[in-house]
Amino acid sequence: MAQFKRILLKLSGESLAGEQKQGIDVERLNQYAQQIKEIAQMGVEIGIVIGGGNIFRGLSGAGKGFDRVKGDQMGMCATVINSLALSSALDAVGQKNRVLTAIRMEPIGEFYSKWKAIDAMRQGEVVIMSGGTGCPYFTTDTGSSLRGIEIEADVMLKGTRVDGVYTADPEKDPTATKFEEITYDEVLRRGLKVMDVTATAMCQQNNLPIYVFNMDIVGNLKKVMQGEEIGTLVHP
Ligand code: UDP
């Protein structure tokens, strides 16, 4: 039995790049699709938001002289590219799915609405909500908080390449220790980089718990759904 009925899964674009750091690693993509199919078969309703950092980030573009808004629009398009890649990989493993877009761009994807997403999830489709919030100056973390709240998800699962929330970045500080659970207040007070402040505050204000776990280890997504405590729970 799955511990959540409806989830919002946030995948980072960077993780999708695998070891190459840029672009799409097909092996990683297929592993994600397989893991997602596994939990769909448990009867979980699944909404997904993917980042675009493996292709383009508006803020780093602005640092190189791009107009910030155009850079962010490029970043949003990058999330659509990743969403289409995941959709295609889900098709290949026989998992029904659809891509919705925050900005109109039929026939690439249908224009997002909460009800369209919920209807599709109830029919057993995995719904990939692309294009972030559709607005510049936001991130896909905020996009996933927003969509998670809108679709009334029980939890936001933040699949990353680390196994939870640490006192400091474990990739940089070997003395960093992991939290089994932590409140939103403490995340904000300690300035921990679980998600950006806007996204964390949105989850806090709307009581959406976040579970941070390592999505790059095959089988972990199912473990989370089965209630194994392999990550960190961020809660009110
Ligand atoms: N972006 C945006 N508005 C949104 C979501 C994303 O402008 O609502 C842009 C922004 O430039 C961001 C890029 O899309 O840098 C890619 O998203 P993000 O950096 O969140 O991807 P991730 O780090 O998860 O791969």
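Residues numbered from 1 in each chain as written. Predicted model: local features only at pLDDT ≥ 70, side-chain atom pairs only at ≥ 80, totals over all residues. Heavy atoms only, no water.

1. Description of the packing of aromatic side chains
- The tally for this structure, following the rule as stated, stands at 1 aromatic pair.
- Here the aromatic rings of Phe56 and Phe66 are separated by 5.3 Å at their centres, their planes lie at 70 degrees, and the arrangement is edge-to-face. Linking Phe56 in the loop between β2 (45-50) and α3 (58-63) with Phe66 in the loop between α3 and α4 (68-92), this pair joins segments that are 10 residues apart in sequence.
- Assessed through its relative accessible area of 37%, Phe66 is described here as partly exposed.
- Its guanidinium or amino end placed over the ring of Tyr112, Arg147 lies 3.7 Å from that ring's centre, counting from NZ or CZ. (Phe/Tyr/Trp six-rings, centres within 6.5 Å; stacked < 30°, edge-to-face > 60°. Helix = DSSP H or I, 4+ residues; strand = E, 2+ residues; numbered from the N terminus. Buried < 20%, exposed > 50% of the residue type's maximum accessible area, 1.4 Å probe, protein only. Lys NZ or Arg CZ within 6 Å of the ring centre and 35° of its normal.)

2. Regarding the sheet that holds strand β11 (residues 232-235)
- Strand order in this open sheet of 9 strands is β4-β3-β5-β2-β1-β6-β10-β11-β9, and the pairing throughout is mixed. The sheet is open, and its two borders are formed by β4 (110-111) and β9 (181-183), each paired with just one other strand.
- By the bridge criterion, 5 bridges tie strand β1 (residues 6-11) to strand β6 (residues 155-160) in an arrangement that is parallel. In the strand pairing of β6, Leu9 is matched with Leu157.
- In the packing of helix α6 (residues 140-150) onto the sheet, contacts are made with β1, β2, β5 (126-130) and β6, and the angle to β1 comes to roughly 175 degrees. (Pairing = 2+ DSSP bridges. Contact = heavy atoms within 4.5 Å. Axes fitted to C-alpha atoms, helices over the stretch in contact; angles between N-to-C directions.)

3. Describing the pattern of salt bridges
- Scanning the entire structure with this criterion turns up 18 salt bridges.
- Linking Arg147 and Glu150 is a salt bridge whose minimum nitrogen-to-oxygen distance equals 2.7 Å. Placement of the pair is Arg147 and Glu150 together in helix α6, with a separation of 3 residues, close to one helical turn.
- Given a relative accessible area of 25%, Glu150 falls into the partly exposed group.
- Linked by salt bridges that have partners in common, Glu14, Arg57, Arg161 and Glu171 make up one network. (Salt bridge = Lys/Arg side-chain N within 4 Å of Asp/Glu carboxyl O.)

4. Details of the nonpolar core
- Counting 33 residues, the largest nonpolar core has Ile7, Leu9, Ile36, Ile48, Leu86 and Leu157 as the members making the most contacts within it.
- Listing elements by their share of this core, those giving two or more residues are β1, α2 (26-40), β2, α4, β5, β6, β10 (210-214) and α9 (220-225).
- For this core, the element with the highest residue contribution is α2, accounting for 6 residues.
- Residues in contact with Ile48, not counting those within four places in the same chain, are Leu8, Leu9, Leu11, Ile36, Leu86, Val126, Val127, Ile128 and Met129.
- Formed by 27 residues, the second largest nonpolar core is a distinct cluster that contains Tyr112, Ile118, Ala120 and Val127. (Core = buried A, V, L, I, M, F, W, Y, C linked by side-chain atoms within 4.5 Å.)

5. Remarks on the site of the ligand
- Taken together, 20 residues sit near the ligand, with Arg57, Asp72, Thr133, Cys135 and Thr140 positioned nearest.
- Asp72 has a polar side-chain atom sitting 2.5 Å from an oxygen atom of the ligand.
- One of the backbone nitrogen or oxygen atoms of Gly75 is found 3.4 Å away from an oxygen atom of the ligand.
- With the chains in place, 93% of the 520 Å² that the ligand exposes on its own is no longer accessible.
- Going through the elements one at a time, α1 (13-16) and α4 are the ones with two or more residues in the shell around the ligand.
- Per element, the largest residue contribution to the shell around the ligand is 3 residues, and it comes from α4.
- Taken together, the residues of the shell around the ligand break down into 5 nonpolar, 11 polar and 4 charged. (Near = heavy atom within 4 Å. Polar contact = N/O pair within 3.5 Å; in protein donor to acceptor, adjacent residues only side chain to side chain. Areas by Shrake-Rupley, 256 points an atom, 1.4 Å probe, with all protein chains shown as cover. Nonpolar A, V, L, I, M, F, W, Y, C, P; charged D, E, K, R; others polar.)

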